[in-house]
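Tertiary structure, described
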Amino acid sequence: MTAATWRETLKTEKAKPYFQNILSFLEQERSQGKEVYPPKNQIFNAFRYTELGDVKVVIVGQDPYHEPGQAHGLSFSVPDGCAKPPSLQNIFKELAVEYPGYRIPESGNLENWARQGVFLLNATLTVQRGHANSHSGIGWAEFTDEVIRIINANVTGVVYMLWGRFARDKCSLVDAGRNLILTAHHPSPLSAYRGFFGCGHFVRANEYLIANGRGPINWQL
């Protein structure tokens, strides 16, 4: 696939005023004693674990978990030793239905998926402790829209798993003729029974990847 890297393709975007304003806002929040998640050195973990040319699957979340110790820069994922949030539990339940014999893991750390090419991106990359969606209006949407455009321009044969409204808003940025777009309700307990359960996305993703010569994802952690 592409030899382009995140560092190269995002260099111009990170120099733009709106992105610098995001960084200034986060520093101001911290200087006022507000806790911002994930930790500063983990905000861009999705980009560290999955290089641009290695992206096979894109899973878009809304924003990071907002309780202490949960967020570490990968959508839906939590560090080892952290209790699995309900949405992640539902993701594993769906996997167990799609793949008989799938063992629901004790840990909710999805780093292994990321290293296989599953790009775990939140639409908003930071959040204030205890306040879900608190940073949705500071400019992150503009940045993550550009991230999707970059993937679309540089990598073909990618599966986009877009769950919930925030994720589905990214559909228009993807060329459906060169990639596979899968949409469903969000896996949260409030909506999982309205179309996430039974979506079959994990099997369909691997079927598409195999058909396009890209190799399947081992969803078993």
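Residues numbered from 1 in each chain as written. Predicted model: local features only at pLDDT ≥ 70, side-chain atom pairs only at ≥ 80, totals over all residues. Heavy atoms only, no water.

**Observations regarding the nonpolar core**
Judged by nonpolar contacts, the single largest core of 64 residues is most densely connected at W6, F47, W113, F119, F143, I151 and W219. No other element matches helix 6 (residues 140–154), which puts six residues into this core. Contacts of W219, omitting those with residues within four sequence positions, involve V57, L95, Y99, Y102, W113, V118, M161, F202, A205 and N206. (Core = buried A, V, L, I, M, F, W, Y, C linked by side-chain atoms within 4.5 Å. Buried < 20%, exposed > 50% of the residue type's maximum accessible area, 1.4 Å probe, protein only. Helix = DSSP H or I, 4+ residues; strand = E, 2+ residues; numbered from the N terminus. Contact = heavy atoms within 4.5 Å.)

**So, the pattern of salt bridges**
With the rule as written, the count across this model stands at ten salt bridges. With a closest N to O distance of 3.2 Å, K34 and E29 form a salt bridge. Judged by relative accessible area, K34 falls into the partly exposed class, the value being 33%. Accessibility expressed as a relative area gives 5% for E29, which makes it buried. Linking D145 and K170 is a salt bridge whose minimum nitrogen-to-oxygen distance equals 2.6 Å. Of this pair, D145 sits in helix 6 while K170 sits in the loop between helix 7 (165–168) and strand 6 (180–184), placing them 25 residues apart in sequence. A single salt-bridge network, built from bridges that share partners, covers E27, R30 and K40. (Salt bridge = Lys/Arg side-chain N within 4 Å of Asp/Glu carboxyl O.)

**As for the sheet that holds strand 3 (residues 118–122)**
Taken together, the four strands give an open sheet; going across it, the order is 3-2-5-6, and neighbouring strands pair in parallel fashion. Whereas interior strands pair on both sides, the edge strands pair on one side only; in this sheet they are strand 3 and strand 6. Direction aside, the axes of adjacent strands within the sheet are offset by 15° on average. Across four bridges, strand 2 (residues 57–61) lies against strand 5 (residues 159–163) in parallel orientation. Its bridge partner lying in strand 5, V60 is registered against L162. Sheet strands touched by helix 8 (residues 201–211): strand 2, strand 5 and strand 6. Its angle to strand 5, the strand with the most contacts, is close to 165°. (Pairing = 2+ DSSP bridges. Axes fitted to C-alpha atoms, helices over the stretch in contact; angles between N-to-C directions.)

The values reported here are purely geometric and, on their own, carry no functional implication.
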